[in-house]
Amino acid sequence: HASISALLTEHTPVLPAEMPKVGSIPRSATVAWSSSNEHSGLLAAGTVAGAISDTFDSTSHLDVFSLDLQGGAELPLVGSLACNDRFSRLTWGTKGVADGSLPYGLLAAGTANGSVQIVDPGRLISRHDAPVVATIDSHSGPVRGLEFNPAVPELLASGAAESEVFITDLTNPSTPRVVSPGAKSPGPGADISCVAWNRRVTHILASTSHNGLSVVWDLKLKKPVINFTNSANRGQRNSVIAWNPEVATQIIVASEDDAFPSMQIWDLRNAFAPVKELTGHSKGILTASWCPQDENLLISSGKDNRTLCWDPATGEVLCELPPSANWTFDVQWSPCLPALLSSASFSGEVAVHSLADASATAGAEETGADGFSVQEPHAGKPMIRAPKWLRRPCGASFGFGGKLVRFSHKSSEVTIEDVPSDTGVVARAEQLRAALEAGDLAGFCAHKAEAAPSERDADDWKLMEVLCSHDQRTLVLGFLGLVDPNAPPPAEPQAEAAYEPQYEPQYEAQPEPVTPATPEPQPPLQDVNPEELFSQMAIATERQMSQASELDAMGAAATPPAPDDGASPMPPEPAAEPPARAGPLETAPAPDDPDVSLAMLNGNFATAVEVCLAQGRVADALILAASGGEELWAATRDQYLASNKSPFMSRLSAVVHQDFDRYVAESSLPAWKETLALIHTYASAEALQGLCNLLGERLEAEAGDASAAVLCYMCAANTVKAVELWHARYSEQSAGAAGGGGGGGATAGQAG
């Protein structure tokens, strides 16, 4: 033991009080990491505008450095280009990497004079005479917003003064094509401070500006989808906008105001107010970056010289990097190398850090003269949890005696289980494997239903057979015994109907959402279709603008005046009158009511409908409402549906309003089959799973009908709940069989 201890002491280095940086660049520069895996260790740095060195050097350079993982050393320079202008922003994309035409991709540099230079890093590294491929002069001010589309590398977004946002198509880099994503927002122009592409929906772009306005653009529709500001501080200067790399509708906006130094996380499904606010900086925030490998890591820096690493989900500061001597204006995670990030400050240094730096600096302690430990005055805060790329999602290991130990990231518990050896289980597993290989799961379930020991087990297997079919929604009605024998067979789909456009979605077919007056609870993020959400936002915005224009045009004529002296104004055109009922639908002539006639002659359909409803003339009221516009029709229809509380009217109301959540929550549990059939016929595919779960929960908790609840959970593909109820059922049967002498009880093994 003594020799081993000596050996370890001899060969184990003593860590210094503060772990050195991975590398550094001695200049104030804005930075861009290489986005390709082949050249992930390259870093571009452009002399930042608005800063000056100790030697008052006014030159400008665009340089490429190679990452040296030995640590602490100045990064070696591999390419340099002298420039006339200094830079506000750099971005490095992967255009040409996949096909080999541009092995290093493309580098875009936004300058302080409004131009964007497109540079070939490969030429820059090889000392080529002309590394600048093209220069774009579309902007009129400093280009502070600049980013390549990570999914479509030919597209470059840029933003500058006067709220200018442009999209540059670099399919042919030497002849770029510049377009606008849509019309500018109304109001005075402002400097665009940042642009960001959505990581999940490739045609969605966000921009933010110094006047506090943030805009989300849809490139397919060529218009802004939504814009939002902080209602508590509308004049704040926004510095950063960044998308959550995993949640398509979540975005963060940072403020560089010293009086309001915070970052706000917005959920665009409800853009009335931010869902979370991160406060920890004492002065304005200049830069922030969301980790592409872990959505629960966000880095930010500001005028207080601090660099904080956050957990955006909880708003907690996870760690702090060593502070700089001046403002840190640019921090970026490496897109390909987890745990590495760069920070650039006005102190004249670009530093490359690892998250290990934060942990090491926190432990730096000295022993004072009195023998007590003294914390270093500028030590960072330690990392309080492991990042995502270091965590195992789950694990399992077999031990002696048929033991199995397992764990999951969802729980802090470790489970030890006995693994029984059962030849019957092996035989049934082989049958299932054969059915899977043959693609005959329906036949497998039918065979199990025939051999089931009880009617309840047979029903479960029959439903599994239905759920394995391609037309399960229709076949579920047959399983429930609710098929209409007089219904015509479904028509065969036409060949043309199977075609769906691969790039341009049919936004016109989407239902137009109604903007709520107040925020409402939103569904879980994983249940949201991001592309559908953004298209609905655009449709709602266009509809609101159209309605506002119509109201301005109609003015006071929108509501006809009521007669006040007995004289009747000019009646409406005859074509506007509702068509007369005729034929077999006319059961009796309607009475000639003077109030109804007078309201019709004045074009006052609302009053006519009100009179008809008061007299019980529902059919007349509905026809009049259909002639009085969408709003009157919807109000009359809803009033009629609410006037009758019969089960049929409840079902009809649910179908008309598509309010199946309320219907399932209030439906009669003895009629659960009708409820299950209704949601299978009319509910959307996205909502069906949640509705079946809700019905199963009610049957289990309120009616105590475990068999019916199992069927609902199976329709919802909720295997966890279905297996839980199966296990409880067979445990009861096994206990009953054991108490009765072991006779006749079905077992879980028999049902499997």
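Residues numbered from 1 in each chain as written. Predicted model: local features only at pLDDT ≥ 70, side-chain atom pairs only at ≥ 80, totals over all residues. Heavy atoms only, no water.

Participant: Run through the overall build of the protein chain, naming residues and quoting values.
Facilitator: Tallying secondary structure elements over the protein chain gives 19 helices and 33 strands in all. Scored against the burial criterion, the 752 residues of the protein chain give a buried share of 40%. Here the contacts in the protein chain between residues at least 6 apart in sequence split such that 50% fall between residues at least 24 apart. Looking at the protein chain as shown, the accessible area adds up to about 40300 Å², and 55% of this sits on carbon and sulfur atoms. (Helix = DSSP H or I, 4+ residues; strand = E, 2+ residues; numbered from the N terminus. Buried < 20%, exposed > 50% of the residue type's maximum accessible area, 1.4 Å probe, protein only. Contact = heavy atoms within 4.5 Å. Areas by Shrake-Rupley, 256 points an atom, 1.4 Å probe, with all protein chains shown as cover.)

Participant: Residues and numbers for the pattern of salt bridges, please.
Facilitator: Counting across every chain of the model gives 21 salt bridges. Between Asp418 and Lys403 there is a salt bridge, with its nearest N and O atoms 2.7 Å apart. Here the residue Asp418 occupies a position in strand E33 (residues 414-418), and Lys403 occupies one in strand E32 (residues 403-408), the gap between them amounting to 15 residues. Residue Asp418 is classed as exposed on the basis of its relative accessible area of 54%. We classify Lys403 as partly exposed; its relative accessible area is 37%. Put simply, Arg662 and Glu666 hold a salt bridge, and the shortest N to O gap is 3.4 Å. One end of the pair, Arg662, and the other, Glu666, are both in helix H14 (residues 660-666), four residues apart, so they sit about a helical turn from each other. Each of the two residues, Arg662 as well as Glu666, counts as exposed. (Salt bridge = Lys/Arg side-chain N within 4 Å of Asp/Glu carboxyl O.)

Participant: Kindly report on a nonpolar patch on the surface, identifying the contributing residues and their values.
Facilitator: Taken together, the side chains of Val405, Phe407, Val414 and Ile416 define a hydrophobic patch exposed on the protein surface, amounting to about 360 Å² of accessible area. Secondary-structure elements contributing two or more residues to the nonpolar patch are E32 and E33. Of note, Val414 is situated in strand E33. (Patch = residues over 30% accessible without salt bridge, like charges linked within 9 Å, V, L, I, M, F, W, Y side chains within 5 Å.)

Participant: Before we move on, could you go through empty space enclosed by the protein and cite the residues and values that matter?
Facilitator: A probe as big as a water molecule, rolled over the atoms, marks out the empty space that is left. This model, assessed by the stated rule, comprises one cavity of 30 Å³ or more. Of the pockets and cavities examined, the largest cavity occupies roughly 40 Å³. In terms of lining, the largest cavity is formed by Gly212, Ser214, Phe228, Thr229, Asn230, Gln236, Asn238, Val253, Gln264 and Trp266. Residue composition of the lining of the largest cavity, grouped by class: three nonpolar, seven polar and no charged. (1 Å grid on protein atoms, 1.4 Å probe; cavity = no way out; pocket = protein on both sides within 12 Å on 5 of 7 lines; lining within 4 Å. Points joined across faces, edges and corners; volume = space filled by probe spheres on them. Nonpolar A, V, L, I, M, F, W, Y, C, P; charged D, E, K, R; others polar.)

Participant: Can you tell me about the side chain of Ser262, naming the residues and giving the values?
Facilitator: For Ser262, the location among the structural elements is in strand E20 (residues 262-267). For Ser262, a relative accessible area of 3% translates into the label buried. Side chain to side chain, Ser262 and Glu277 meet in a polar contact 3.1 Å long. Those residues in contact with Ser262, other than ones at most four positions away along the chain, are Val253, Ala254, Ser255, Glu277, Leu278, Thr279 and Ile285. (Polar contact = N/O pair within 3.5 Å; in protein donor to acceptor, adjacent residues only side chain to side chain.)

Participant: Outline helix H12 (residues 630-642), supporting the account with residue identities and numerical values.
Facilitator: Each α-helix winds once per 3.6 residues, and so residues spaced three or four apart point in a common direction. Over its 13 residues, H12 extends 18 Å from the first C-alpha to the last, a length consistent with the 18 Å expected when each residue adds 1.5 Å. Taken together, the buried positions of H12 are Leu632, Thr636 and Leu641. Taken around the axis of H12, the buried residues stretch over an arc of 160°, which confines them to a single face. Exposed and facing more than 90 degrees away from the buried side of H12 are Glu630 and Glu631. (Expected span 1.5 Å × (residues − 1). Arc of directions from axis to C-beta.)

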